[in-house]
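Observations on chain architecture
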Amino acid sequence: MLRQLKTRWWKALAVVLLLYTFTAGMLIDVPARFVLHETIRNLFFHVPVWFTMILLLLVSLIYSTLYLRHGKLAYDIVAEQLAKVAVVFGVLGFLTGALWGNYTWGDTFSWLFADTKILGAFIGLLIYVAYFILRGSVPDEEKRARISSVYSIFAYILLIVFIFVIPRLTDSLHPGNGGNPAFSTYDLDNTMRLVFYPAVFAYFLTGCWIASQLIRLRILHYRKHNINI
Amino acid sequence: MKAFYKALFSIIAITLVSPVAALAQEASGQPEMATGMRSNGLIFVVVGVIVIILGGLFLFLIRIDRKLNKMEREIDNKS
């Protein structure tokens with residue numbers, strides 16, 4: 001596993017795909033729509049941030065269950081650092097969403113509570129903040145790893161419920177929620193998908209790259225104190 | 001490592017140039033879009049800025065990677 005953290009090919013792929021996202025995302029023809037105008041391009045930049053958060057947390061959850069199965073501290077380190085990067089992506093998602101919503105939905109101050117999906121994402125993020133608080137409050141390494149691994153399973157399920165289930169049951173401005181048509185209705189000839197899916201992959205790989213550095217730093221910290229992972 | 005940087009720079013150059021060739025603008029809908037701005041070519045200034053920022057961030061990440069490599073080697077040699 002450590003060897004994969006050092007390989008270069010997937011980092012190069014992240015570079016290529018991210019450059020493609022940001023150049024093609026700015027330059028390709030997009031559907032002309034009222035209200036959205038050019039901000040429809042934010043589909044390439046704002047939405048993948050959230051997708052990446054969900055994906056990184058999913059991988060984190062997988063490593064948490066791997067820890068519970070095998071009891072190796074390295075798995076717990078991977079799970080923690082992935083969650084850390086995911087929360088950063090979540091915060092970026094809030095900031096970009098606030099800016100976008102300000103100009104298209106016209107909601108300046110009450111944006112957090114105006115939309116079920118935003119509130120759901122906020123609660124989901126708070127659940128993961130609690131994950132780090134929980135980790136910080138248990139000094140024993142094995143106990144911390146086991147408790148937080150179990151917690152992260154509950155946290156992920158709650159996150160999915162808050163972001164994907166509840167907004168569909170109630171009212172939301174986000175496409176595909178609360179009776180709104182999904183985004184495919186804005187993108188009738190599917191050209192936007194050509195940038196959107198690579199964008200998700202590019203963001204995800206970049207997130208993994210940053211996480212890999214945090215993981216290596218953490219392992220170095222342990223090895224400095226003669227604890228072999 | 002030098003070959004890696006060379007490859008990285010050629011990738012940046014290719015991605016910067018290729019969308020220019022692919023750009024064929026058609027103003028069809030009623031909603032106002034930034035077609036005029038793009039036909040003036042000014043959007044490429046923005047894209048250039050984005051590419052420079054991304055390049056800087058990537059070089060930063062690569063440098064951190066190399067520093068980590070060095071630290072890991074040092075600890076390997078010690079133990």
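Quick look at the structure, then. (Residues numbered from 1 in each chain as written. Chains lettered and ligands numbered in written order. Predicted model: local features only at pLDDT ≥ 70, side-chain atom pairs only at ≥ 80, totals over all residues. Heavy atoms only, no water.)

**Brief notes about the packing of helix α2 (residues 9-27) of chain A against helix α3 (residues 43-78) of chain B**
Running from N to C, α2 of chain A and α3 of chain B point in directions that differ by 165°, and their axes come no closer than 10 Å. Taken together, the axis directions place α2 of chain A and α3 of chain B in an arrangement best described as roughly antiparallel. Helix-helix and strand crossings are classified by hand; for α2 of chain A and α3 of chain B the assignment is right-handed. Where α2 of chain A approaches α3 of chain B, its residues Lys11, Ala14, Val15, Leu18, Leu19, Phe22, Thr23, Met26 and Leu27 of chain A are matched on the opposing element by Ile43, Phe44, Val46, Val47, Ile50, Val51, Leu54, Phe58 and Asp65 of chain B. Grouping the constituent residues of the contact of α2 of chain A with α3 of chain B by class yields 15 nonpolar, 1 polar and 2 charged. (Axes fitted to C-alpha atoms, helices over the stretch in contact; angles between N-to-C directions. Helix = DSSP H or I, 4+ residues; strand = E, 2+ residues; numbered from the N terminus. Parallel < 35°, antiparallel > 145°, perpendicular 65-115°, else oblique. Left-handed = near helix turned anticlockwise from the far one by under 90°. Contact = heavy atoms within 4.5 Å. Nonpolar A, V, L, I, M, F, W, Y, C, P; charged D, E, K, R; others polar.)

**Considerations on the pattern of salt bridges**
Residue and element names in this part refer to chain A. A full pass over the atoms with the stated rule returns 8 salt bridges over all chains. Between Glu38 and Arg41 there is a salt bridge, and its shortest N-O distance comes to 2.8 Å. For Arg41, a relative accessible area of 6% corresponds to the buried category. Glu80 serves as the salt-bridge partner of Arg135, at 3.6 Å between the closest nitrogen and oxygen. Residue Arg135 is found in helix α7 (residues 116-136), and its partner Glu80 is found in helix α5 (residues 73-104); the two are separated by 55 residues along the sequence. Overall, the relative accessible area of 6% leaves Arg135 in the buried class. Judged by its relative accessible area of 13%, Glu80 is buried. (Salt bridge = Lys/Arg side-chain N within 4 Å of Asp/Glu carboxyl O. Buried < 20%, exposed > 50% of the residue type's maximum accessible area, 1.4 Å probe, protein only.)

**Thoughts on the side chain of Asp115 of chain A**
Residue and element names in this part refer to chain A. With respect to the element layout, Asp115 can be found in the loop between α6 (111-114) and α7. Lacking a salt bridge, the buried Asp115 has Lys117 as its closest oppositely charged neighbour, with an N-O distance of 7.6 Å. There is a polar contact of 3.0 Å between the side chain of Asp115 and the side chain of His174. Those residues in contact with Asp115 that lie beyond four places of it in its chain are Trp105, Ser172, Leu173 and His174. (Lys, Arg positive; Asp, Glu negative; His and termini not counted. Polar contact = N/O pair within 3.5 Å; in protein donor to acceptor, adjacent residues only side chain to side chain.)

**Digging into the environment of Leu112 of chain A**
Residues and elements named next belong to chain A. Residue position: Leu112 is located in helix α6. C-alpha separation for the pair Leu112 and Glu142, spaced 30 residues apart in sequence, amounts to 37 Å. Among residues more than four places away in sequence, those in contact with Leu112 are Phe94, Ile118, Leu119 and Phe122.

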